[in-house]
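Chain by chain, the residues run as shown.
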Amino acid sequence: MDDGYTYDRIEDYLEDRLSKEAKAKFEAQLAVDDALRKELTFYRHLQLATQRLEQEEDFRKTIQGVDQTLDENAFFKASAVSIDKNKGKSDRKLWIPLSVAAGLLVLLWLGGRYWGQSYYSNAVLAENFEPFEIVSTDRGDGIKTENQLQKGIDAFEAKSYADAIEWFSSTSEADAFYVQSQYYLAHTYLAQQKYDAAIEQFQKVADTKSTLYKDRAEWYQLQAMLLSESAQETLNEQLDKILSNPNHGYLEKAQALKQQVNSIWRQF
């Protein structure tokens, strides 16, 4: 595919300008094209960096505006000497501090917005999740068990996500590695940036009540929810579900994430 076409299509995808059919076609290509996924990830980071630079520029302009306001106030104050001391005296005294206060409020709002986007946005919070641990089927003698799970793991580590999905999905429910395969399948969707599919798959793992994977699935489901535009309303609900279990393996991490999600900085 032509690079110019690819870049335009990535930009349209990120800005949600594609039709339903074009979006489905683009996501189908993402599933099998590792280079395209890398380009998409690069553009996501570039987009975030550009937003931060714009916020910094707004921040600098606001500071300059406040400085100018203060200089103008000093000018008006000095000019007021030539005006009758009894005429409009109370109005001038009121106008100067109000204009300064308004400038400071704007400065505070833009500063809070910049801080919130830089440290409390969904993308930043999702990036803070530690990478999940891959447990191979190595028997301890350096020989890996040849099964669908291991073949899926090999494909995942090679970033051949379409093959990984095929292997993980083909694991039988009667297989001893079934839940583990389904858990890795969810992470594969997450790596493909198919966040809604990942959310659904993590829920299937959590529903198995596996003592080893239930808590993990619920925790990483939150990461997918942070990145999915359609799951924002259920994010706090999922957090509260984890927090309601005092024995949850990710309780402390969920408590910290709850504070970040509800931070005042996210309100700007």
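Computed from a predicted structure; not experimentally measured.

Considering the overall build of the protein
Scanning the protein from terminus to terminus reveals 12 helices and 0 strands. In the protein, the succession of helices and strands from N to C terminus is α-α-α-α-α-α-α-α-α-α-α-α. Summing over all exposed atoms, the protein offers an accessible surface of approximately 16200 Å²; the carbon and sulfur share of this is 53%.

Things to note about helix α6 (residues 148-157)
Of the positions making up α6, those classed as buried are L149, Q150, G152, I153, A155 and F156. On its buried face, α6 is in contact with α7 (161-169) and α8 (178-191). Downstream of α6 by one or two residues, K159 has phi in the positive range, about 60 degrees.

Some words on unusual backbone geometry
Even without being glycine, K159 reaches a positive phi, approximately 60 degrees. Note that K159 resides in the loop between α6 and α7. Although it is not a glycine, K209 sits at a positive phi angle of roughly 65 degrees. With respect to the secondary-structure elements, K209 resides in the loop between α9 (195-207) and α10 (214-227).

Notes on the nonpolar core
Where a protein is soluble and globular, its nonpolar side chains tend to be buried together. Membership of the largest hydrophobic core comes to 40 residues, with the highest contact counts inside it found for Y183, L222 and L257. Put simply, the parts of the chain that give this core at least two residues each are α5 (122-127), α6, α7, α8, α9, α10, α11 (232-243) and α12 (251-261). Per-element tally for this core: the top contributor is α10, with 7 residues. If we skip the residues at most four places from it in the chain, L257 touches L125, F129, W219, L222, L226 and L239.

Observations regarding the environment of I165
On the secondary structure map, I165 appears in helix α7. Looking at I165, the relative accessible area reads 15%, which means it is buried. Taking the C-alpha atoms as reference points, I165 and Y189, 24 residues apart in sequence, are found 8.1 Å from one another. If we skip the residues at most four places from it in the chain, I165 touches L185, T188, Y189 and Q192.

As for the packing of α6 against α8
Where α6 contacts α8, the two axes come as close as 10 Å, and the packing angle between them is 20 degrees. By the angle between their directions, the pair α6 and α8 is classed as roughly parallel. Crossing angle aside, the handedness with which α6 passes α8 is left-handed. Within the contact between the two elements, α6 uses L149, I153 and F156 and α8 uses Q180, S181, Y184, H187, T188 and A191. Of the residues belonging to the contact of α6 with α8, the class tally is 5 nonpolar, 4 polar and no charged.

Things to note about the pattern of salt bridges
Summed over all chains, the structure comprises 5 salt bridges. The partner of R17 in a salt bridge is E11, with the nearest N and O atoms 3.7 Å apart. Using a relative accessible area of 41% as the deciding quantity, one classes E11 as partly exposed. Of the charged contacts in the structure, one is a salt bridge between D12 and R17, with a shortest N-O distance of 2.9 Å. The class for D12 is partly exposed, based on a relative accessible area of 22%. Accessibility expressed as a relative area gives 48% for R17, which makes it partly exposed. Via salt bridges that share partners, E11, D12 and R17 belong to a single interconnected network.

Considerations on the side chain of T171
Turning to its location among the elements, T171 is positioned in the loop between α7 and α8. With a relative accessible area of 5%, T171 lands in the buried category. Here the side chain of T171 touches F168 through a polar contact of 3.4 Å, landing on its backbone oxygen. Those residues in contact with T171 that sit more than four places away from it in its chain are Q148, L149, F177, Y178 and S181.

Things to note about the packing of α6 against α7
If you want to describe how two helices pack, look at the angle between their axes and the distance between the axes. The contact between α6 and α7 brings their axes to 8 Å, and the two run at 165 degrees. Compared by their axis directions, α6 and α7 come out roughly antiparallel. Our pair here, α6 against α7, has a crossing hand that is left-handed. Judged by residue contacts, Q148, L149, K151, G152, I153, A155 and F156 of α6 engage Y161, D163, A164, W167 and F168 from α7.

Looking at the layout of surface pockets
Of the pockets and cavities examined, the second largest pocket occupies roughly 200 Å³. Surrounding the second largest pocket, D34, R37, K38, T41, F156, E157, K159, Y161, A191 and Q193 form its lining. Breaking the lining of the second largest pocket down by element, the ones donating at least two residues are α3 (34-79) and α6. Top element by residues in the lining of the second largest pocket is α3. It accounts for 4 residues. When its residues are assigned to classes, the lining of the second largest pocket shows 3 nonpolar, 2 polar and 5 charged.

Cut-off values and rules
- Residues numbered from 1 in each chain as written.
- Predicted model: local features only at pLDDT ≥ 70, side-chain atom pairs only at ≥ 80, totals over all residues.
- Heavy atoms only, no water.
- Helix = DSSP H or I, 4+ residues; strand = E, 2+ residues; numbered from the N terminus.
- Areas by Shrake-Rupley, 256 points an atom, 1.4 Å probe, with all protein chains shown as cover.
- Buried < 20%, exposed > 50% of the residue type's maximum accessible area, 1.4 Å probe, protein only.
- Contact = heavy atoms within 4.5 Å.
- Core = buried A, V, L, I, M, F, W, Y, C linked by side-chain atoms within 4.5 Å.
- Axes fitted to C-alpha atoms, helices over the stretch in contact; angles between N-to-C directions.
- Parallel < 35°, antiparallel > 145°, perpendicular 65-115°, else oblique.
- Left-handed = near helix turned anticlockwise from the far one by under 90°.
- Nonpolar A, V, L, I, M, F, W, Y, C, P; charged D, E, K, R; others polar.
- Salt bridge = Lys/Arg side-chain N within 4 Å of Asp/Glu carboxyl O.
- Polar contact = N/O pair within 3.5 Å; in protein donor to acceptor, adjacent residues only side chain to side chain.
- 1 Å grid on protein atoms, 1.4 Å probe; cavity = no way out; pocket = protein on both sides within 12 Å on 5 of 7 lines; lining within 4 Å.
- Points joined across faces, edges and corners; volume = space filled by probe spheres on them.

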